[in-house]
Amino acid sequence: MNLLKIQHQPLFFHISRTALPRPSLSPPILHRIEPKIHFKSASTPLCKFQCFKVSSISKFEASVYNNEEEEEEEEEGPADASVEFEDLAPNGVVYQSTLRLVECAMFAAVTGLVYFLSNSLAIENYFGCFFALPTVISSMRWGVAAGRKQMVATVMLLFVLAGPVKALNFLLMHGILGLTMGTLWRLGTNWGLSIFLGTIARSIGAVGYVLTTSFLIRENILALITINIHASLTFIFAAMGINSAPSMNFIYVLFGILVLLNSGSFVFLLHLLYSVFLTRLGMKASLRLPRWLEKAI
């Protein structure tokens, strides 16, 4: 019995060490591995096929999109170039706007410089009839707005070069008259109305010039002029044997008539001079000249 116990005890111990675990405690290894193996073997070719299919489609769509963009650029390129060439053409909008700007700036610069030099050298009376001409040309060629901008640019240039007094004198004596003549000639009015309105503009400018000068020198120049006229007429009446003296109201009316006559004669001479000058420049079609002047020209 003891021998049997000794023999069976190691066997029992060996069985207990090498015995398989219980089915209830063993993890389902095979059930976990088979789905993994089956999933990998089934999904790997499908994924490769799908990735290849999607990548090839995306590359094809990108190439088609790039080709469409290149074709659109090729189609739009000549159109944009043609638009640019149309703008730079002599009849284009951009070319005409640039030409108008350059001409008005050039006229303003030349007018301001000549007026400044003529005042500095005391030769304004010799060039006074040409100071309104650039404004008239700008108004005739590019419209009333261009003439107005040219006049304002000239006044601002003189304001910088010679100060506010010279700029104001130019505006009163030449700027308003030039803008009035240019506007009326641009609208195609007859010479009668043009000369009448130009005379009024010139007279207002002359009176404004006298008032400005009176304010600057602190002396009433209008009173001095009227007093001298009154003294001259009294002397003339006394020489003729007339013992009456003219009233001041009569002197004021006479002064206004003399100013209007002076301004009217000046404006009429400007009409003649500018008509001949613009005709020589090839702008006769834009002018409305009297018949006697057309025959003379």
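Novice: How should I be thinking about unusual backbone geometry in this particular structure?
Specialist: When glycine is set aside, most residues are seen to have a negative phi, and most peptide bonds are trans. The phi angle at A122 is positive, at roughly 60 degrees, despite the residue not being glycine. Looking at the element boundaries, A122 is found in the loop between helix 3 (93-120) and helix 4 (124-127). Classification of A122 by relative accessible area gives exposed; the value is 67%. With phi around 60 degrees, R218 is a residue other than glycine that occupies positive phi space.

Novice: Help me understand the packing of helix 6 (residues 144-161) against helix 7 (residues 164-187) in this model?
Specialist: Two numbers describe a pair of packed helices, the interaxial angle and the distance between the axes. Orientation of helix 6 relative to helix 7, taken along the N-to-C sense of each, is 170 degrees, at an axis distance of 9 Å. Judged on the interaxial angle alone, helix 7 and helix 6 are roughly antiparallel. Facing helix 6, whose interface residues are V144, G147, R148, M151, T154, V155, L158 and F159, helix 7 presents P164, K166, A167, F170, L171, G175, I176, L179, T183 and R186.

Novice: Would you mind going over helix 7 with me for this structure?
Specialist: Three or four residues apart is the spacing at which side chains of an α-helix point the same way, because the helix has 3.6 residues per turn. Here helix 7 is 24 residues long and its end C-alpha atoms lie 32 Å apart, about the 34 Å a rise of 1.5 Å per residue gives. The sharpest bend along helix 7 comes to roughly 45 degrees, located at L171. Downstream of helix 7 by a residue or two, G188 has a phi angle that is positive, lying close to 80 degrees.

Novice: For this particular structure, what's the right way to read a nonpolar patch on the surface?
Specialist: Nonpolar side chains collect at one region of the surface, where M106, V110, V114, Y126, F127, F130 and L273 lie side by side and expose about 650 Å² of accessible area between them. Residue contributions to the nonpolar patch peak at 3 residues, all from helix 3.

Novice: How should the packing of aromatic side chains be read in this particular structure?
Specialist: Centre-to-centre distance and the angle between the planes together describe a pair of aromatic rings. Using the criterion set out here, one finds 3 aromatic pairs in the structure. Both rings, one in Y115 and one in F170, keep their centres 5.2 Å apart while their planes meet at 70 degrees; by these two values the pair is edge-to-face. Here F170 lies in helix 7 and Y115 lies in helix 3, a separation of 55 residues in the sequence. Residue F170 is classed as buried on the basis of its relative accessible area, which comes to 1%. Look at W191 and W292: their rings are 6.4 Å apart centre to centre, the planes differ by 85 degrees, and that puts the pair in the edge-to-face class. Of this pair, W191 sits in helix 8 (residues 191-217) while W292 sits in helix 11 (residues 291-296); the two residues are 101 residues apart in sequence, bridging distant segments of the chain. Counting every residue linked through ring pairs, the aromatic cluster contains Y115, F131 and F170. The ring of F266 has R202 lying over it, and the distance from NZ or CZ to the ring centre is 4.2 Å. Here R218 stacks its cationic end above the ring of F215, 5.1 Å away from the centre of that ring.

Novice: Honestly, helix 3 in this entry has me stumped. Any pointers?
Specialist: Counted at 1.5 Å a residue, the expected span for helix 3 with its 28 residues is 40 Å, and the 41 Å between its end C-alpha atoms agrees. Along helix 3, the residues classified as buried are E103, C104, F107, A108, T111, G112, Y115 and S118. Once helix 3 finishes, A122 follows within two positions and takes phi at roughly 60 degrees, a positive value.

Novice: Sorry, what's going on with the pattern of salt bridges here?
Specialist: Charged atoms that come close allow side chains of opposite charge to pair. Summed over the entire model, instances satisfying the criterion amount to 1 salt bridge. Notably, a salt bridge pairs R141 with E103, separated by 3.0 Å at the nearest N-O pair. Taken as a pair, R141 in helix 5 (residues 133-142) and E103 in helix 3 lie far apart in primary sequence, 38 residues in all.

Novice: Before we go on, may I ask you to explain the side chain of S194 in this structure?
Specialist: Turning to its location among the elements, S194 is positioned in helix 8. Engagement of the side chain of S194 in a polar contact is seen with the side chain of H271, the distance being 2.7 Å. Those residues in contact with S194 that sit more than four places away from it in its chain are L184, W185, T189 and H271.

What counts and what doesn't
Residues numbered from 1 in each chain as written. Predicted model: local features only at pLDDT ≥ 70, side-chain atom pairs only at ≥ 80, totals over all residues. Heavy atoms only, no water. Helix = DSSP H or I, 4+ residues; strand = E, 2+ residues; numbered from the N terminus. Buried < 20%, exposed > 50% of the residue type's maximum accessible area, 1.4 Å probe, protein only. Axes fitted to C-alpha atoms, helices over the stretch in contact; angles between N-to-C directions. Parallel < 35°, antiparallel > 145°, perpendicular 65-115°, else oblique. Contact = heavy atoms within 4.5 Å. Expected span 1.5 Å × (residues − 1). Bend = angle between axes of the 7 residues up to and from the residue. Patch = residues over 30% accessible without salt bridge, like charges linked within 9 Å, V, L, I, M, F, W, Y side chains within 5 Å. Areas by Shrake-Rupley, 256 points an atom, 1.4 Å probe, with all protein chains shown as cover. Salt bridge = Lys/Arg side-chain N within 4 Å of Asp/Glu carboxyl O. Phe/Tyr/Trp six-rings, centres within 6.5 Å; stacked < 30°, edge-to-face > 60°. Lys NZ or Arg CZ within 6 Å of the ring centre and 35° of its normal. Polar contact = N/O pair within 3.5 Å; in protein donor to acceptor, adjacent residues only side chain to side chain.

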